[in-house]
Amino acid sequence: MSLLPITLYGDKILRKKVSEVKQVDNEIIQLITDMFDTMRNAGGIGLAANQVGANKSIFVIDISNVEGYENSKPLILINPEIINYSKEKIIFEEGCLSIPDMRAEVERPESITISYYDSDLKEHTLTVKKLLARVMQHEYDHLKGKLFIDLIDSEIKIKMKEPLAKISKRDIAVEYPVSTSKDYQLVL
Ligand code: ZN
């Protein structure tokens, strides 16, 4: 098992739009394996490549630890594109491994249609709702350099200012390995 450090709020790569994956070579397969290990070790249900410092359009999801979703299979999404958002929106509490110990209610479309490639570069299109749609939108945003805190009320965001500053200064205790500098990037 290889754990990668998780990038934190304030790290430059989290604000970057990542690059498309052109080819799934051994390095990409290793990255995906390490992303699953890193996500599970940190107790997460989704992880985007730039959260481990990799400039690649990939995210992984495993919601099988969530009550009611025990039969869900782990998913690898390469070069994902959300091609449709439902008009219906719902509010749901979100957190993020890159913004430890902070949660907020976020309004997003209830269901989405997403196209992506799997690790064999086979194309898939899925329409998902509720928790899976929520996790996918959160991870998809990461790949575009966006974070869930960008979507919350300015009033709540004001309250988050101080804890966010602490995270970015690494003035926090985190139970999983995290990046050590704002410029951290994984060399692939
Ligand atoms: Zn996140």
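Participant: Looking at this structure, I do not really get the pattern of salt bridges. What am I missing?
Facilitator: Within the structure shown, the criterion is met by nine salt bridges. With a shortest N-O distance of 2.6 Å, Asp 183 and Lys 12 are connected by a salt bridge. Of this pair, Asp 183 sits in the segment after α3 (154–168) while Lys 12 sits in the segment before α1 (26–41), placing them 171 residues apart in sequence. Here Asp 183 and Lys 12 have matching classes, each one exposed. Notably, a salt bridge pairs Arg 134 with Glu 94, separated by 2.8 Å at the nearest N-O pair. Taken as a pair, Arg 134 in helix α2 (residues 130–143) and Glu 94 in strand β4 (residues 89–96) lie far apart in primary sequence, 40 residues in all. We classify Arg 134 as buried; its relative accessible area is 4%. Since its relative accessible area comes to 4%, Glu 94 is described here as buried. Salt bridges linked by common partners bring Glu 94, Arg 108, Arg 134 and Asp 141 together as one network.

Participant: What is the right way to read the layout of surface pockets from this model?
Facilitator: Summary: where empty space remains is shown by rolling a probe the size of a single water molecule over the atoms. In this structure, the largest pocket spans a volume of roughly 520 Å³. If you go around the largest pocket, you meet 26 residues; those closest to its centre are Gly 44, Gly 95, Cys 96, Leu 97 and Arg 103. Counting residues per element, the ones that place at least two in the lining of the largest pocket are β4, β5 (99–109) and α2. Considered class by class, the residues forming the lining of the largest pocket number 13 nonpolar, six polar and seven charged.

Participant: Please clarify how the coordination of the zinc ion should be interpreted in this entry.
Facilitator: Six octahedral donors at a metal ideally form angles of 90 or 180 degrees, and four tetrahedral donors ideally form angles of 109.5 degrees. Binding of the zinc ion to the protein goes through Cys 96 (SG), His 138 (NE2) and His 142 (NE2), at separations of 2.0 to 2.2 Å. In primary sequence terms, the donor set of the zinc ion follows C-x41-H-x3-H. With a gap of 46 residues between them, Cys 96 in strand β4 and His 142 in helix α2 connect regions that are remote in the sequence. Here the two residues Cys 96 and His 142 agree in accessibility, since each one is buried.

Definitions and limits used
- Residues numbered from 1 in each chain as written.
- Predicted model: local features only at pLDDT ≥ 70, side-chain atom pairs only at ≥ 80, totals over all residues.
- Heavy atoms only, no water.
- Salt bridge = Lys/Arg side-chain N within 4 Å of Asp/Glu carboxyl O.
- Helix = DSSP H or I, 4+ residues; strand = E, 2+ residues; numbered from the N terminus.
- Buried < 20%, exposed > 50% of the residue type's maximum accessible area, 1.4 Å probe, protein only.
- 1 Å grid on protein atoms, 1.4 Å probe; cavity = no way out; pocket = protein on both sides within 12 Å on 5 of 7 lines; lining within 4 Å.
- Points joined across faces, edges and corners; volume = space filled by probe spheres on them.
- Nonpolar A, V, L, I, M, F, W, Y, C, P; charged D, E, K, R; others polar.
- Donors = N, O, S within 2.8 Å, 3.2 Å for Na, K, Ca; no water.

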